[in-house]
Amino acid sequence: MEVKADRVVDARGSYCPGPLMELIKAIREEDVGKIIEVWSSDESSAKDIPEWVKKAGHELVGVFEADGYWRIVVKKTR
Amino acid sequence: MKRVVILGGGVAGTLTANYLVPKIKERIKNEEVQITLISDRNFQIYEPGFLYMIFNRLGEGELKRNLGELVDPAVQLVIDRATKIDADNSRVVTENGSYDYDYLVIATGSRVVPEEIPGLKEGGHWFYNLEGATRLREALAKFNGGKIVVSVMGIPHKCPVAPMEVTFILHDFLRRRNLRDKSELLYTYPINKIFTMDPVVELIQPMFDERGIQYKTFFNPIEVDAKNRKVITLEGEEESYDLLIAIPPHKGAQVIIDSGLGDKGGWVPTDKYTLRVDGYDNMYALGDATNLPVSKAGSVAHFQAEVVAENLAAEIEGIEPTAMFNGKAFCFIETGWEEATYIWFDYFTPPRPVLPSKFVHFVKMAYNKAYWLTARGLL
Ligand SMILES: Cc1cc2nc3c(=O)[nH]c(=O)nc-3n(C[C@H](O)[C@H](O)[C@H](O)COP(=O)(O)OP(=O)(O)OC[C@H]3O[C@@H](n4cnc5c(N)ncnc54)[C@H](O)[C@@H]3O)c2cc1C
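Residues numbered from 1 in each chain as written. Chains lettered and ligands numbered in written order. Predicted model: local features only at pLDDT ≥ 70, side-chain atom pairs only at ≥ 80, totals over all residues. Heavy atoms only, no water.

### Digging into the sheet that holds strand E6 (residues 82-86) of chain B
Backbone hydrogen bonds hold the strands of a sheet together, and the pairing may be parallel or antiparallel. Residue and element names in this part refer to chain B. Spatially, E6-E7-E8 is the arrangement adopted by the 3 strands of the open sheet, whose pairing is antiparallel. Edge positions in the open sheet fall to E6 and strand E8 (97-100), since each of these has one partner strand only. Taken over all neighbouring pairs, the strand axes of this sheet differ in orientation by 15° on average, direction set aside. With 4 bridges joining them, E6 and strand E7 (residues 91-94) adopt antiparallel strand pairing. Along E7, the bridge assignment pairs Asp 86 with Arg 91. (Pairing = 2+ DSSP bridges. Helix = DSSP H or I, 4+ residues; strand = E, 2+ residues; numbered from the N terminus. Axes fitted to C-alpha atoms, helices over the stretch in contact; angles between N-to-C directions.)

Next up, the structure:
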């Protein structure tokens, strides 16, 4: 399933924990219900970000592999 | 005449100036080159000393030196605050004047922004600047037991290992004052482990366990409830405290933000090897000011200053600059009142901490005194 993101955070080129910290910042700034997509070229993000999303109680829409990077799509639910 | 302007009189700026001068001494003497260092305060602070100052082990006087004493006399020293870097016209504008440059070195460092966490200024402490360290020293002297929370409230921050160090030293400080049994120590970190580097986690986590130091991960404070002494997180958790020691969020210098030269955090986009500012041939950035995936540490600024000075000297001499920064960092890690370990790593080599010892601690204590020789470019 593909959804249109309200905000794309391009964290490619930044290393762990950069992409996660970028998502955390975006989640703080956006309203509930918004969809945020993080782009990361660091493979560990594909595992760490979903883990954090679960702990923080948001919804993981999906993790998609693109050309040399990962797109991790998250919905802010609270 | 070629003009080199260095902005910032911390480790990075001072060392770059002091390494550059001897390489082009003749040209400076012949007035072919002028080096100007602009800084907004007339002294430098040895920030690693805050870790000891809060426990009364180093005094404020030991942590401060006048820039005039540190910077090579061949450098024109200007105490003034830069308000704008006008990159299109190669000019730095300050509160009291303006300085044209052929080469600019950005060494404006980083700063804590506790105001980004509502309630933190009222309810918490930190030791990342002089005012904070002074206030925390007082709070620690008065502490009579209870729960201390050491909380990292954002990444990146200066000296990545300092939060672990302060936690270890606190453990021993409380023991020495017969307060450890009456106290709880909790360390929190934003990501899913207690530190970013696995080899360090493997050493430190068991040491926390042995000492009864608790920890929480994936812990991102969004608010401090100063009245009820609670930290509230984005993950929906709450932690109460009697004394909160925060590592506040950090940002780059205001002048970088105001000049449109930084990313969202105010960090300057920099080439990880050449240290040139992305998109500018005549600008270098180093130290805490950059966006590089390296520690915001004085040691990093030190190794980078060698590279920037070498490349600037080459450019001034009309030689192709070839020095490269390989990501090298060296950090002592105090693991108690009288023991420490250290790590070094670079872009290609992960850290391998050695077992903590008294010897490493004493080397660190000696370095705390010897730092001023480093700043002068001698060590
Ligand atoms: C508690 C603590 C412990 C630490 N421990 C260690 C350690 O053990 N080892 C280690 O290697 N590092 C350690 N560090 C980190 C180290 O102190 C910093 O990484 C280092 O100071 C960075 O140097 P810098 O020159 O890049 O920036 P800074 O030291 O921040 O210097 C920047 C300078 O630029 C000036 N400036 C800023 N804006 C302007 C402007 N607009 N106009 C003019 N001047 C301006 C500032 O006044 C300042 O003098 C520690 C830091 C802290 C806070």
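After presenting the structure, the write-up continues.
### Concerning the site of the ligand
All names here are of chain B. Looking at the ligand, there are 30 residues lining it, with Ala 12, Asp 40, Asp 288, Gly 298 and Ser 299 nearest. In the environment of the ligand, an oxygen atom lies 2.8 Å from a nitrogen or oxygen atom belonging to the backbone of Ala 12. Within the complex, 93% of the 1,000 Å² of free accessible area of the ligand lies under protein. Of all the secondary structure elements, the ones that give two or more residues to the shell around the ligand are helix H1 (11-23) and helix H10 (298-317). Grouping the amino acids of the shell around the ligand by side-chain chemistry returns 11 nonpolar, 10 polar and 9 charged. Both domain 1 (2-109 + 253-328) and domain 2 (113-250) contribute no fewer than three residues apiece to the shell around the ligand. (Near = heavy atom within 4 Å. Polar contact = N/O pair within 3.5 Å; in protein donor to acceptor, adjacent residues only side chain to side chain. Areas by Shrake-Rupley, 256 points an atom, 1.4 Å probe, with all protein chains shown as cover. Nonpolar A, V, L, I, M, F, W, Y, C, P; charged D, E, K, R; others polar. Domains from an automatic or database assignment.)

### Describing the domain arrangement of chain B
Residues and elements named next belong to chain B. What the domain assignment reports for chain B is domain 1 (2-109 + 253-328) and domain 2 (113-250). For domain 1 and domain 2, the distance between their C-alpha centroids amounts to 31 Å. Of the roughly 1,700 Å² buried at the junction of domain 1 and domain 2 (both faces included), carbon and sulfur atoms supply 74%. Put simply, domain 1 and domain 2 have 1 salt bridge between them. A salt bridge links Glu 47 to Lys 158, with the nearest nitrogen and oxygen atoms 2.9 Å apart. Linking domain 1 with domain 2 are 2 residue pairs in polar contact (both at pLDDT 80 or more), by the criterion used here. For the side of domain 1 that touches domain 2, the leading source of residues is helix H3 (residues 50-53), giving 3 residues. (Buried area = accessible area lost by both parts, 1.4 Å probe. Salt bridge = Lys/Arg side-chain N within 4 Å of Asp/Glu carboxyl O.)

### Some remarks on the nonpolar core
Within the largest apolar cluster, 128 residues are counted, with the highest numbers of intra-cluster contacts made by Leu23(A), Trp52(A), Val4(B), Ile35(B), Phe55(B), Phe127(B) and Ile148(B). For this core, the element with the most residues is H10(B), which contributes 10 residues. Here Ile148(B) is in contact with Phe143(B), Leu170(B), Leu174(B), Glu184(B), Leu185(B), Leu186(B), Leu243(B) and Ile245(B), once residues within four sequence places are set aside. In terms of nonpolar packing, the next biggest core, distinct from the first, is built from 20 residues, Leu7(B), Val277(B), Met283(B) and Ala289(B) among them. (Core = buried A, V, L, I, M, F, W, Y, C linked by side-chain atoms within 4.5 Å. Buried < 20%, exposed > 50% of the residue type's maximum accessible area, 1.4 Å probe, protein only. Contact = heavy atoms within 4.5 Å.)

### Considering the UniProt feature "domain: UPF0033" (unreviewed entry) in chain A
Following the UniProt record, the feature "domain: UPF0033" (unreviewed entry) maps to residues 9-33 of chain A here. For residues 9-33 of chain A, helix accounts for 48% and strand for 8%, while the C-alpha atoms at its two ends are 17 Å apart. (UniProt positions renumbered as here; feature names shortened; annotations may be inferred.)

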